[in-house]
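Breakdown of the fold
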Amino acid sequence: MSSLRRTISDRINSALTEGALHLNRGEIIEIRDRTIGALWEIRKVASLRHKPTRIPSPPPTKNSTKDDETVRKSPFLPHDPKLHVRDHDEYRVLLNKFAVVRDHILLVTKEFEEQEHLVLRDFEALSKLLLEWESKDFLVFYNRGANSGASQRHKHLQILPISRDVIFHHFTLPVLHHHVKVNDEGSPIISSGSTLYKHYEQCITSLSQSPHFDPVKSSFNMLLTNREMIVVPRKQAEIIDDSGAILSANAMGMAGFLLAKTDDEVEAWKRRDPISVLKELCYPAE
């Protein structure tokens, strides 16, 4: 285990003892979709009812500007010291307070920045962190915009270990997206920040050719593994099933990992089929 992972593990143990971390792995249900044959994982976690599900847009108060209110609502300003792993250049590494997987961490800007486009220094900080992660079994994701499934406006990348492969390694998602190869399969090499940024720009530039994607305004999910980077534009954050169940997905959904808060939501995912739901949340493939 790397020094970073040991530090994360120690912080998790203390945060659990102090009641600052809500680690709830929930019940895992696996289903195989009827469209492309991919295996999807649904985690039913009732405690997620208490987690914010959409980017908040608080109105300004009488004596403050809208920007003041947005910063005040950031859960990372000030950050909870019980969730603090360490400082990392212009960023902080924090535990995800509502984790469903152990070692789920956030790379958060120290100063408030909107959850907008990623820039070179974001990838430089990420690359350095992944080098210390010392494992090729990771998933990085980023939710940009209100329709992406993002719950916070303060810029943060999320990193977590994965115990099984993501679906886009083996199946082509039948929705609008662009992906680039980062490394050969099985390679332990982590790309430099500048290389990752070039891959990201390539995805954004390619998607900009679509009438469904505006690089300035559009919501999207970005996902990164040791093998690929993929960017998926988003049309909406959630849909309401005929049963009344709310089916939502952030970037994790594009990797084959879905969350549900109730049995009704689990049954709705099974009935609707994950790919059919993603087709409604995203734009058609071109």
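So, how was this worked out
- Residues numbered from 1 in each chain as written.
- Predicted model: local features only at pLDDT ≥ 70, side-chain atom pairs only at ≥ 80, totals over all residues.
- Heavy atoms only, no water.
- Pairing = 2+ DSSP bridges.
- Helix = DSSP H or I, 4+ residues; strand = E, 2+ residues; numbered from the N terminus.
- Axes fitted to C-alpha atoms, helices over the stretch in contact; angles between N-to-C directions.
- Contact = heavy atoms within 4.5 Å.
- Parallel < 35°, antiparallel > 145°, perpendicular 65-115°, else oblique.
- Left-handed = near helix turned anticlockwise from the far one by under 90°.
- Nonpolar A, V, L, I, M, F, W, Y, C, P; charged D, E, K, R; others polar.
- Buried < 20%, exposed > 50% of the residue type's maximum accessible area, 1.4 Å probe, protein only.
- Expected span 1.5 Å × (residues − 1).
- Arc of directions from axis to C-beta.
- Phe/Tyr/Trp six-rings, centres within 6.5 Å; stacked < 30°, edge-to-face > 60°.
- Lys NZ or Arg CZ within 6 Å of the ring centre and 35° of its normal.
- Core = buried A, V, L, I, M, F, W, Y, C linked by side-chain atoms within 4.5 Å.

Here we take up the pairing of strand 2 (residues 39-44). Two strands pair when backbone bridges link them, and strand 1 (residues 27-32) and strand 2 are joined in this way by 6 bridges, in the antiparallel orientation. Note on strand 2: the bridge partner recorded for Arg-32 is Leu-39. Pairing geometry for strand 2 and strand 13 (residues 257-260), over 4 bridges, is parallel. Residue Glu-41 lies in a different strand from strand 13, and its bridge partner there is Phe-257.

Bringing the sheet that holds strand 5 (residues 105-109) into the picture now. Taken in spatial order, the 8 strands make up an open sheet running 3-4-5-7-6-9-10-8, and their pairing is antiparallel. In this open sheet, the two edge strands, each paired with only one partner strand, are strand 3 (84-88) and strand 8 (178-181). Averaged over all pairs of adjacent strands, the angle between strand axes in this sheet comes to 20 degrees, irrespective of strand direction. Of the pairings in the sheet, the one linking strand 6 (residues 138-144) to strand 7 (residues 156-161) comprises 4 bridges and is antiparallel in character. Within strand 7, the residue paired with Phe-141 across the bridge is Gln-158. Across the sheet, helix 1 (residues 3-17) is in contact with strand 3, strand 4 (91-95), strand 5 and strand 7; its angle to strand 3 comes to roughly 140 degrees. Contacting strand 8, strand 9 (219-224) and strand 10 (228-234), helix 4 (residues 193-207) crosses the sheet at an angle of about 150 degrees to strand 8.

For the rest of this paragraph, the subject is the packing of helix 3 (residues 120-133) against helix 4. For the pair helix 3 and helix 4, the least separation of the axes is 8 Å and the interaxial angle reads 130 degrees. As summarised for this structure, helix 3 and helix 4 are arranged oblique, according to the angle between their axes. Between helix 3 and helix 4 lies a crossing whose hand is right-handed. Facing Leu-120, Phe-123, Glu-124 and Ser-127 of helix 3, the residues of helix 4 in contact are Gly-193, Ser-194, Leu-196, Tyr-197 and Tyr-200. In terms of residue class, the contact of helix 3 with helix 4 is built from 5 nonpolar, 3 polar and 1 charged.

What follows covers unusual backbone geometry. Cis geometry marks the peptide bond from Leu-77 to Pro-78, where omega comes out at -5 degrees. Mapped onto the fold, Pro-78 is located in the loop between helix 2 (66-73) and strand 3. The residue Asp-89 is not glycine, and still its phi comes out positive at about 55 degrees. Among the secondary structure elements, Asp-89 is positioned in the loop between strand 3 and strand 4. The class for Asp-89 is partly exposed, based on a relative accessible area of 47%.

Attention shifts here to the environment of Leu-160. Mapping Leu-160 onto the fold places it in strand 7. The buried category is assigned to Leu-160, whose relative accessible area is 2%. For the pair Leu-160 and Ala-99, spaced 61 residues apart in the sequence, the C-alpha separation amounts to 9.6 Å. Apart from residues lying up to four places away in sequence, Leu-160 is in contact with Val-101, Asp-103, His-104, Trp-133, Asp-137, Phe-138, Leu-139, Phe-141 and Met-252.

The next point concerns helix 4. With 15 residues, helix 4 should reach 21 Å at 1.5 Å per residue; the first-to-last C-alpha distance of 21 Å fits that figure. Along helix 4, the residues classified as buried are Gly-193, Leu-196, His-199, Tyr-200, Cys-203, Ile-204 and Leu-207. Seen along its axis, helix 4 keeps its buried residues to an arc of 135 degrees; they face one direction. Buried positions along helix 4 lie against helix 3, strand 8, strand 9 and strand 10.

For the structure on display, the rule yields 5 aromatic pairs. Taken together, the ring pairs in this structure connect Phe-123, Tyr-197, Tyr-200, Phe-213 and Phe-220 into an aromatic cluster. A cation over an aromatic ring shows up here: Arg-5 above the ring of Trp-133, its NZ or CZ 4.2 Å from the ring centre.

Further remarks concern the environment of Glu-132. Residue position: Glu-132 is located in helix 3. For Glu-132, a relative accessible area of 30% gives the class partly exposed. In the structure, Glu-132 is positioned 128 residues away from Leu-4 in sequence and 6.1 Å away in space, judged by C-alpha atoms. In this structure, Glu-132 is in contact with Ser-2, Leu-4, Arg-86 and His-88, ignoring residues within four places of it in sequence.

A few words on the nonpolar core. Among the nonpolar cores identified, the biggest contains 41 residues, and Leu-95, Leu-107, Ile-159, Met-222, Leu-224 and Met-229 are the most heavily contacted of them. It is helix 3 that provides the largest number of residues to this core, a total of 6 residues. Not counting chain neighbours up to four residues away, the residues in contact with Leu-95 comprise Ile-8, Arg-11, Ile-12, Ala-15, Leu-21, Leu-83, Val-85, His-104, Ile-105 and Leu-106. Ranked by size, the runner-up nonpolar core spans 40 residues in total, among them Leu-48, Phe-141, Leu-173 and Cys-282.

No statement about biological role is implied by the geometric values presented.
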